[in-house]
Amino acid sequence: MAIIIDGKAIAAKVRDDVRLRTQKLTERGIRPCLAVILVGENPASVSYVTGKEKALAEAGMDGRDIRLPAATSEAELLALIAALNADSAVHGILVQLPLPPHISEDRVINAISPEKDVDGFHPVSVGNMVLGRPGFLPCTPNGIVYLLKEMQIKTAGAHAVILGRSNIVGKPLASLLIRRDVNATVTVCHTGTPDFSLYTKQADILIAAVGKPGLVTAGMVKPGAAVIDVGVNRVPDSSRKSGFVLRGDVDYDAIEKIAGWITPVPGGVGPMTIAMLMRNVVEAAETP
Ligand code: L34
């Protein structure tokens, strides 16, 4: 039976530390502030943004909760970002993705000042990350590396296989895992990979970030491997009040029996994303 990686508990410890750092700043007259912008009402995005607002409040930080209608124009959003860039009371700016199709995510991310880019999505942040220079690290990949370290899962010399090459998870995670302090050997599988199970069977650490419920089955996993499930899929379930159940990319019930470690969904990677965001915000506020 796998050791269950309790992302919620590990995130709570990180958030405790953020709260203490926030207290120290507040005593010096600096109140860390994150502006969170949500355009439209995508139900999953509403849930994540609400989670972020709650975490800000619990840490004693200031949250500018900016909710805009789906019909907001790109120009309006860019003007808002320019105003927040210039506002010295705002330490971090987060525009929740995805954006409605009429708005260019690239142009919006480019508009955020790298000093306030607590998501780590700006090309300057990505460049600094790849080069190993100081800068904000993207929250989900950073949270995954944090979980591996916290659980003392051996990464040096380990073969890490990533499913998915998104800009938010797969690509930056590959970059973090090959850093010298992590020292994994990385394989990235994607839609162009003919048979990804050839690779996953060799993985000491398997990270699924695809967005397909139950994609990874027990036969694809090496016994004893660490399995990190980044998927947060809403699967229709009429027996639930919400009308859906959250499922990861991994067949949890079967893989839990053979893996060495496994993250649950919910309560695994998701809470770490929020905890790492809180850390980036307090760091932004600490930076003179
Ligand atoms: N700009 N857009 C921007 N930054 C981000 O870091 C994100 N992401 C991803 C989507 N778009 C973004 C998030 O915030 C995914 N994501 C995210 C954040 C939190 C959770 C999941 C994904 C989370 O808290 N998950 C809970 C369950 C939440 C629920 O019940 O809906 C969990 O335990 O997994």
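In what follows, the structure referred to is the one given above.
Residues numbered from 1 in each chain as written. Predicted model: local features only at pLDDT ≥ 70, side-chain atom pairs only at ≥ 80, totals over all residues. Heavy atoms only, no water.

**Regarding the sheet that holds strand β6 (residues 185–189)**
Let me state the cut-off plainly: Strand pairing is defined by DSSP finding a minimum of two bridges between the two strands. Numbering of helices and strands runs from the N terminus, with a helix taken as a DSSP run of H or I at least four residues long and a strand as a DSSP run of E at least two residues long.
If you walk across this open sheet you meet the six strands as β1-β11-β8-β7-β5-β6, and the pairing is parallel. Of all the strands in the sheet, the pair left with one neighbour each is β1 (3–4) and β6. One ladder, built from four bridges, connects strand β7 (residues 205–208) with strand β8 (residues 226–229); its direction is parallel. Counterpart to Ile 207 in the pairing with β8 is Ile 228.

**Digging into the nonpolar core**
For the record, the criterion: Here, nonpolar core refers to any group of buried Ala, Val, Leu, Ile, Met, Phe, Trp, Tyr and Cys residues whose side-chain atoms link them within 4.5 Å. The buried label goes to any residue with under 20% of its type's maximum accessible area, the exposed label to any with over 50%, and the partly exposed label to all in between, with areas taken from a 1.4 Å probe on protein chains only. Contacts are assigned to residue pairs with any non-hydrogen atoms lying within 4.5 Å of each other.
If you look at the biggest cluster of nonpolar residues, it comprises 52 residues, and the most contacted ones within it are Ile 144, Leu 177 and Ile 207. For this core, the element with the most residues is helix α10 (residues 269–286), which contributes 11 residues. Leaving out residues up to four positions away in the same chain, Ile 207 has contacts with Ile 144, Val 161, Ile 162, Leu 163, Leu 173, Leu 177, Ile 228 and Val 230. Grouped together as the second largest cluster of nonpolar side chains are 18 residues, Leu 77, Val 90, Ile 93 and Ile 109 included.

**Quick look at the pattern of salt bridges**
To keep it simple, the criterion reads: We define a salt bridge as a contact between a side-chain nitrogen of Lys or Arg and a carboxyl oxygen of Asp or Glu at a distance within 4 Å.
Enumeration according to the criterion identifies 11 salt bridges in this entry. A salt bridge links Asp 87 to Arg 64, with the nearest nitrogen and oxygen atoms 3.1 Å apart. Linking Asp 87 in the loop between α3 (74–86) and β4 (92–95) with Arg 64 in strand β3 (residues 62–68), this pair joins segments that are 23 residues apart in sequence. With relative accessibility at 23%, the residue Asp 87 sits in the partly exposed group. Of the charged contacts in the structure, one is a salt bridge between Asp 181 and Lys 149, with a shortest N-O distance of 3.2 Å. Note that Asp 181 is positioned in the loop between α7 (170–177) and β6 and Lys 149 in helix α6 (residues 139–150), a separation of 32 residues in sequence. On the basis of relative accessible area, Asp 181 is assigned to the exposed category, the value being 52%. The partly exposed category is assigned to Lys 149, whose relative accessible area is 44%.

**So, the sheet that holds β3**
Which entries qualify depends on this criterion: Only the contacting stretch of a helix is used when fitting its axis, a line to C-alpha atoms as for every element, and angles between N-to-C directions run 0 to 180 degrees.
Across the sheet, which stays open at both edges, the three strands sit in the order β3-β2-β4 with parallel pairing between neighbours. Unpaired on one side and paired on the other, β3 and β4 mark the two borders of the sheet. Sheet twist, expressed as the mean angle between neighbouring strand axes with direction ignored, is 15°. When strand β2 (residues 33–39) meets β3, the two strands line up parallel, connected through seven bridges. Residue pairing in the sheet places Ile 37 in a bridge with Ile 66 of β3. Against the sheet, helix α2 (residues 43–59) contacts β2, β3 and β4, and its axis sits at roughly 160° relative to β3.

**Things to note about the site of the ligand**
Rule in force here: Nearness here has a simple test: a residue counts as near a molecule or strand if at least one of its heavy atoms is within 4 Å of that partner. Side-chain atoms alone can form a polar contact between residues adjacent in sequence; in general such a contact is a pair of N or O atoms within 3.5 Å, and within protein one must be able to donate a hydrogen while the other accepts it. Only the protein chains shown count as cover for residues, and all accessible areas are computed by the Shrake-Rupley method using a 1.4 Å probe. Here the term charged refers only to Asp, Glu, Lys and Arg, the term nonpolar to Ala, Val, Leu, Ile, Met, Phe, Trp, Tyr, Cys and Pro, and the term polar to all other amino acids, Gly among them.
Around the ligand lies a shell of 15 residues, among which Ser 47, Lys 52, Val 95, Asp 119 and Gly 267 are the nearest. Contact distances for the ligand include 2.8 Å between a nitrogen atom and a backbone N or O atom of Val 95. Taking Asp 119, its side chain carries an N or O atom lying 2.7 Å from a nitrogen atom of the ligand. Coverage of the ligand by the protein amounts to 82% of the 680 Å² it exposes when considered alone. With four residues, the single largest contributor to the shell around the ligand is α10. Of the residues assigned to the shell around the ligand, the class counts are eight nonpolar, five polar and two charged.

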